[in-house]
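Read off the chains here:
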Amino acid sequence: MKIIVDAMGGDNAPLEIVRGALDANRNHGVEIILVGRTAEVLKAVEACGQKSLPAGVEIKDAKEVVEIADDPAMAFKQKPDSSLTVGLNLLKDGAGDAFVSAGSTGALLSGATLVVKRIRGIRRAAMGPQIPTAGGRAVLCDCGANAECTPEYLLQFAYLGSYYAQRVMGIEKPRVGLLNIGAEEEKGDTLRHETYALLKEAGEAGRIHFIGNVEANTALLGGADVIVADGYSGNILLKGVEGCAKLMMVELKKALRSSTKSKLGALLVKDSLRDMKKLLDPSEIGGTPFLGISKPVLKAHGSSDAHAICNAVQRAIEYAQSGIIADVEAHIDEMKVEKQA
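Everything quoted here is computed from the prediction, not taken from an experiment.

K.L.:
Describe in detail helix α12 (residues 306–322), supporting the description with residues and values.
P.N.:
A rise of 1.5 Å per residue sets the reference length of α12, with its 17 residues, at 24 Å; its end C-alpha atoms lie 24 Å apart and thus fit the reference within 8%. Its side-chain oxygen placed 3.2 Å from the backbone nitrogen of H307, D305 serves as the N-cap of α12. Phi for G323, located one or two positions after α12, is positive at around 85°.

K.L.:
I'd like a description of the sheet that holds strand β8 (residues 175–179), backed by residues and values.
P.N.:
Spatial ordering of the open sheet is given by β6-β7-β10-β8-β9, a layout of five strands whose pairing is mixed. Lying at the two open borders of the sheet, with one neighbouring strand each, are β6 (130–133) and β9 (209–214). Neighbour to neighbour, the strand axes of the sheet diverge by 30° on average, direction disregarded. Pairing geometry for β8 and strand β10 (residues 226–228), over three bridges, is parallel. When the bridges of β10 are listed, L178 appears paired with V228. Across the sheet, helix α8 (residues 216–223) touches β6, β8, β9 and β10, and the angle it forms with β6 is around 85°.

K.L.:
Go over the pattern of salt bridges, please, and point to the residues and values.
P.N.:
Applying the stated criterion across every chain yields a total of 16 salt bridges. It is possible to trace a salt-bridge network through shared partners that takes in K2, E31 and E58.

K.L.:
Residue-level account of helix α5 (residues 105–116), with values.
P.N.:
When the terminal C-alpha atoms of α5 are compared, their 15 Å separation across twelve residues agrees well with the 16 Å that a helix rising 1.5 Å per residue should span. The element α5 is extensively covered by neighbouring structure, given that nine of its twelve residues are classed as buried. Along α5, the positions that sit buried rather than exposed are A107, L108, L109, S110, G111, A112, T113, V115 and V116. The inward-facing, buried residues of α5 contact α3 (75–78), α4 (83–92), β4 (98–101), β11 (287–291) and β12 (297–300). K117 lies just past α5 and shows a positive phi near 80°.

Cut-off values and rules
- Residues numbered from 1 in each chain as written.
- Predicted model: local features only at pLDDT ≥ 70, side-chain atom pairs only at ≥ 80, totals over all residues.
- Heavy atoms only, no water.
- Helix = DSSP H or I, 4+ residues; strand = E, 2+ residues; numbered from the N terminus.
- Expected span 1.5 Å × (residues − 1).
- Polar contact = N/O pair within 3.5 Å; in protein donor to acceptor, adjacent residues only side chain to side chain.
- Pairing = 2+ DSSP bridges.
- Axes fitted to C-alpha atoms, helices over the stretch in contact; angles between N-to-C directions.
- Contact = heavy atoms within 4.5 Å.
- Salt bridge = Lys/Arg side-chain N within 4 Å of Asp/Glu carboxyl O.
- Buried < 20%, exposed > 50% of the residue type's maximum accessible area, 1.4 Å probe, protein only.

Remember that the coordinates give geometry; whether it matters functionally is a separate question.
Shown next as structure tokens:
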């Protein structure tokens, strides 16, 4: 297994990206291609305590970097020698099994769509992060790649999320819920009504396990394994979850440090608190796949540290080995909506 890593993408590049990739090479036994400015990457390798590249790690030179101010839709074209563009072309040409980047989400999605390309028949690729719930985790599909959607897009997101939950998260029969403002079938706008009908039909045919509409609070309490949403609504839910998690940890830390008694109590529940922090921390997942792209492309958070990048590489390995792409290709006809005459 060989994972291509954008060494120049993200707020903490290249040092934390390189450190995380080297950790993944050592901990998971995976080969790594670091894509970026060779001199800067080698300097980061040395800063990690390595006098030379470890076995199984190589560098592919790329002289340009996609910056946050660059036009996301055009960056990969305007900078053909960027680490992002070079990395995606390596993936397309079969030089590696997956590509991981903490760089611009828009540029990565545009590049993945136009360089690596979507699976034939998939209308739009979707981001499918795992979010914490009372039941463990659920996959949210989409969370920002597609602000405006059609019912067919959302139908395909349901399939993509369901395959991901089965293959990567190990859920045998994932419950698929449509994010809405109420649980009743008649709730929501036209998009939700038309999508509900499509999902209900797919559920009755036994292709997915559709459980109906789910509200955000129900979803977070473990009401669904796959949460289907347009990118606009999904992104609001995701950012709300992230903000709530940070608020909880800040306030909990304050409470546990407020008195000698609470400090003693904190020692007694230290292991449980560590488990809770791990559940709520996005860096524990590390990377989010672009579901529907013909080869594995994963987006790491822009502020990723080495721990997050190492976990993102692990997610890339799991995704590449999962067989999701083959599943989608084999069932693509079920995921299309026939046009009315």
